[in-house]
Amino acid sequence: MANTSIFAALPLTNLEIPCLFFPRRISVKNCSSLISFTETHFLRQSISTSRGIGGIGPISCASVTDQASSEELQVRTLTWNWKGYSIRYQCAGTSGPALVLVHGFGANSDHWRKNTPILGKSHRVYSIDLIGYGYSDKPNPREFGGEPFYTFETWGEQLNDFCLEVVKDKAFFICNSIGGLVGLQAAVSKPEICRGLMLINISLRMLHIKKQPLIGRPFIKSFQNLLRNTPVGKLFFKSIATPETVKSILCQCYHDSSQVTDELVEAILRPGLEPGAVDVFLEFICYSGGPLPEDLLPLVKCPVLIAWGEKDPWEPIELGRAYSNFDMVEDFVVLPEAGHCPQDEKPEMVNPLIESFVARH
């Protein structure tokens, strides 16, 4: 199915959803069996964690993945107070360059569970739950006086403050999907903090308002209001927040569907069902503004490496290659037989690539 803009006519039961969350057309009537999303984000691998101080207990490498070797470092799970909000993060390693791993929309720091303990052997590695996601606080977006809260500017500021207050050093930002926009925004806002950017299957934001035909734009606002201000949005969220639907989404996202385990599905669902998650979800899928990668890349001062899973069904590699033309992009690396989240699907390829990029800078 081609990526098309969609603002189908009423009735509502046949309405097709024009949200950033969806690259393909999805009928509200058939929400329970939807299978075609793009700007990733409802995915992300959370592993089972026990509640402890700050809400989350420590995670050992043995609990991170069945393939974890005895040589892997223990991954610690901690919380950080940011502007009065509790933010969860994980870390491993005590020496070497600092790396901050940034997930995409709907994800959390557990999406890097196959990377953090490996990279921590020779780096100081931090993976963070962006505010609104994972086990970080999820303030209601309506509490901010009508001003958008869940934006790349908010998350970029969070990322930079994290480096200043927790990492206490410059850092390399390693980002997947929508997380790539967060890393870019942070690097542009405070270039003195980011040593380098690795963008893994960065979101193209194909449903951004600027990329829609003029005739369709009025319908975007109407549909966003429908989702935000009527029961339709929460009913829609409830219909997709099921193990069956999440598994279907992941099986499209991952080229190798054997990686989509029941544990993974449960891990993604659990933080997404916490109080406040539905409001964050609806707020972001209606976020059709903000920066595009092509807006931010020319402003970046640090070196950039782009890596792309060649089998990504949501963000076509043919379109991604265009970003290699920007001056600050050192290389565009194709990751064979990988989908939208290569860091989890093919960590044996991504981890050495990260190490090589960091070593050069």
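This report concerns the structure included in the present document.

About the cut-offs
- Residues numbered from 1 in each chain as written.
- Predicted model: local features only at pLDDT ≥ 70, side-chain atom pairs only at ≥ 80, totals over all residues.
- Heavy atoms only, no water.
- Core = buried A, V, L, I, M, F, W, Y, C linked by side-chain atoms within 4.5 Å.
- Buried < 20%, exposed > 50% of the residue type's maximum accessible area, 1.4 Å probe, protein only.
- Helix = DSSP H or I, 4+ residues; strand = E, 2+ residues; numbered from the N terminus.
- Contact = heavy atoms within 4.5 Å.
- Salt bridge = Lys/Arg side-chain N within 4 Å of Asp/Glu carboxyl O.

**Some remarks on the nonpolar core**
Thought 1: In this structure, Val-100, Trp-155, Phe-162, Phe-173, Leu-197, Leu-199 and Val-304 are the most contacted members of the largest nonpolar core, which totals 77 residues.
Thought 2: No other element matches the seven residues that helix α3 (residues 152–167) contributes to this core.
Thought 3: Discounting chain neighbours no more than four positions away, the residues touching Leu-197 are Phe-173, Cys-175, Gly-183, Leu-184, Ala-187, Val-300, Cys-302, Pro-303, Val-304, Leu-305 and Phe-357.

**Some thoughts on the pattern of salt bridges**
Thought 1: Under the counting rule described, the total for this entry stands at ten salt bridges.
Thought 2: One salt bridge in this structure joins Arg-88 and Asp-129, with 2.8 Å as the shortest N-O distance. With Arg-88 in strand β2 (residues 85–92) and Asp-129 in the loop between β4 (124–128) and α3, this residue pair connects regions lying 41 residues apart in the sequence.
Thought 3: For Asp-129, a relative accessible area of 0% corresponds to the buried category.
Thought 4: Here Glu-330 and Arg-360 are joined by a salt bridge, their closest N and O atoms 3.6 Å apart. Residue Glu-330 is located in strand β8 (residues 329–335), and its partner Arg-360 is located in the segment after α13 (347–359); the two are separated by 30 residues in the primary sequence.
Thought 5: Connected through shared salt-bridge partners, Arg-88, Asp-110 and Asp-129 make up one network.

**As for unusual backbone geometry**
Thought 1: Here Lys-83, not a glycine, exhibits a phi torsion of approximately 55 degrees, which is positive.
Thought 2: When you line up the elements, Lys-83 lands in the loop between β1 (76–82) and β2.
Thought 3: Although it is not a glycine, Ser-177 sits at a positive phi angle of roughly 55 degrees.
Thought 4: Topologically, Ser-177 is positioned in the loop between β5 (171–176) and α4 (179–189).

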